[in-house]
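A structural walkthrough
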Amino acid sequence: MTLTLFIVLVTSVVSLVFMENRAVKTQLVFHPVTISQRKQWYRFLSSGLIHADFLHLAINMFVLWSFGTALETYYYPAFLGPLALYQYMLLYVGGVAVASLPSYFRHKRNPRYAALGASGGVSAVVFAVIVFAPWEYLLLYGVLPIPQIIGGAAYLYYSWYMDKKGTDNIGHMAHFSGAIWGFVFTILMNPDLLGRFFRLALSGPF
């Protein structure tokens, strides 16, 4: 069993078991006021194990499985050596936690704010893959091929723009922060990858 599949299975089981259990979700959800007042720091991670509904869970886990499998099988071990699986776990778990930091500081006095889902960790994995293969194609909406570097740039802009608008109930800044973490963490694990990324990015798709 790959680490990606393990994360997908654990997250899916926990999410499905407690999806309709409001009491348990209240104990696990990311709630900045509670974290600040009661020092329940575990919520930075536990919130990544629960999801709002089945569609929310399905999208996150499908993207994680797709990109995580590629990262684990083809890219991460080849470049980062025998510690790759530990680095992969830090990449994902760190993405879940770091993605919530902006919301924590922004909303730690707002009792109405709460968030849940693994989007920060998923975004981190996606952008780690972009480091290794910027011009490989991803299928937008499952059908439209687009280079990963272009899709990633559009994703960052969209996340930043929608966070500024603040017109929906989606944690766009968590997506943005998780993506940045994924890129930066991967480079820090192997600084040589930064030069390689720019060479590949500037060489274009051909």
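What you are looking at is a predicted structure, and each value in this text was computed from that prediction instead of being measured.

With that settled, the discussion passes to helix α8 (residues 119–132). The terminal C-alpha atoms of α8, which comprises 14 residues, lie 21 Å apart, in line with the 20 Å expected from a rise of 1.5 Å per residue. Counting buried residues along α8, 14 of its 14 residues qualify, which places the element largely inside the surrounding structure.

Next up on the list: the environment of S159. Here S159 shows up in helix α9 (residues 148–165). For S159, the residues in contact, after removing those within four places along its chain, are H172, H175 and F176. A distance of 2.9 Å separates a polar atom in the side chain of S159 from the backbone oxygen of Y155.

A few words on the packing of helix α6 (residues 84–98) against α8. Between α6 and α8, the shortest axis-to-axis distance is 6 Å and the interhelical angle comes to 135 degrees. Between α6 and α8, the angle is such that the two are oblique. Both α6 and α8 take part in a crossing whose hand is right-handed. Side by side, α6 and α8 meet where Y88, L91, Y92, G95 and V96 of the first sit next to G120, G121, V122, A124, V125 and A128 of the second. In terms of residue class, the contact of α6 with α8 is made up of 8 nonpolar, 3 polar and no charged.

With that out of the way, let us pick up the nonpolar core. Ranked by size, the top nonpolar core spans 39 residues in total, and within it L64, L71, Y76, Y88, L91, Y92 and V125 carry the most contacts. Listing elements by their share of this core, those giving two or more residues are α1 (3–18), α5 (54–80), α6, α8, α9, α10 (172–189) and α11 (192–203). Setting aside its immediate chain neighbours within four residues, Y76 contacts L71, G81, A84, Q87, Y88, L91, F132, F185, T186 and M189. Counting 6 residues, the second-largest nonpolar core is a separate cluster that includes F30, F44, A97 and Y113.

Residues at a pLDDT of 70 or more form 97% of the protein, whose mean pLDDT is 91. Averaged pLDDT values over the elements of the protein bottom out at 74 in strand β1 (residues 137–140) and peak at 97 in helix α4 (residues 43–46).

What follows deals with a nonpolar patch on the surface. Together, M1, L5, F6, L9, V10, F62 and W65 make up a nonpolar patch on the protein surface, roughly 730 Å² of accessible area in all. Elements with a contribution of two residues or more to the nonpolar patch: α1 and α5. With relative accessibility at 54%, the residue F62 sits in the exposed group.

What counts as what
Residues numbered from 1 in each chain as written. Predicted model: local features only at pLDDT ≥ 70, side-chain atom pairs only at ≥ 80, totals over all residues. Heavy atoms only, no water. Helix = DSSP H or I, 4+ residues; strand = E, 2+ residues; numbered from the N terminus. Expected span 1.5 Å × (residues − 1). Buried < 20%, exposed > 50% of the residue type's maximum accessible area, 1.4 Å probe, protein only. Contact = heavy atoms within 4.5 Å. Polar contact = N/O pair within 3.5 Å; in protein donor to acceptor, adjacent residues only side chain to side chain. Axes fitted to C-alpha atoms, helices over the stretch in contact; angles between N-to-C directions. Parallel < 35°, antiparallel > 145°, perpendicular 65-115°, else oblique. Left-handed = near helix turned anticlockwise from the far one by under 90°. Nonpolar A, V, L, I, M, F, W, Y, C, P; charged D, E, K, R; others polar. Core = buried A, V, L, I, M, F, W, Y, C linked by side-chain atoms within 4.5 Å. pLDDT = per-residue confidence, 0-100. Patch = residues over 30% accessible without salt bridge, like charges linked within 9 Å, V, L, I, M, F, W, Y side chains within 5 Å. Areas by Shrake-Rupley, 256 points an atom, 1.4 Å probe, with all protein chains shown as cover. Salt bridge = Lys/Arg side-chain N within 4 Å of Asp/Glu carboxyl O.

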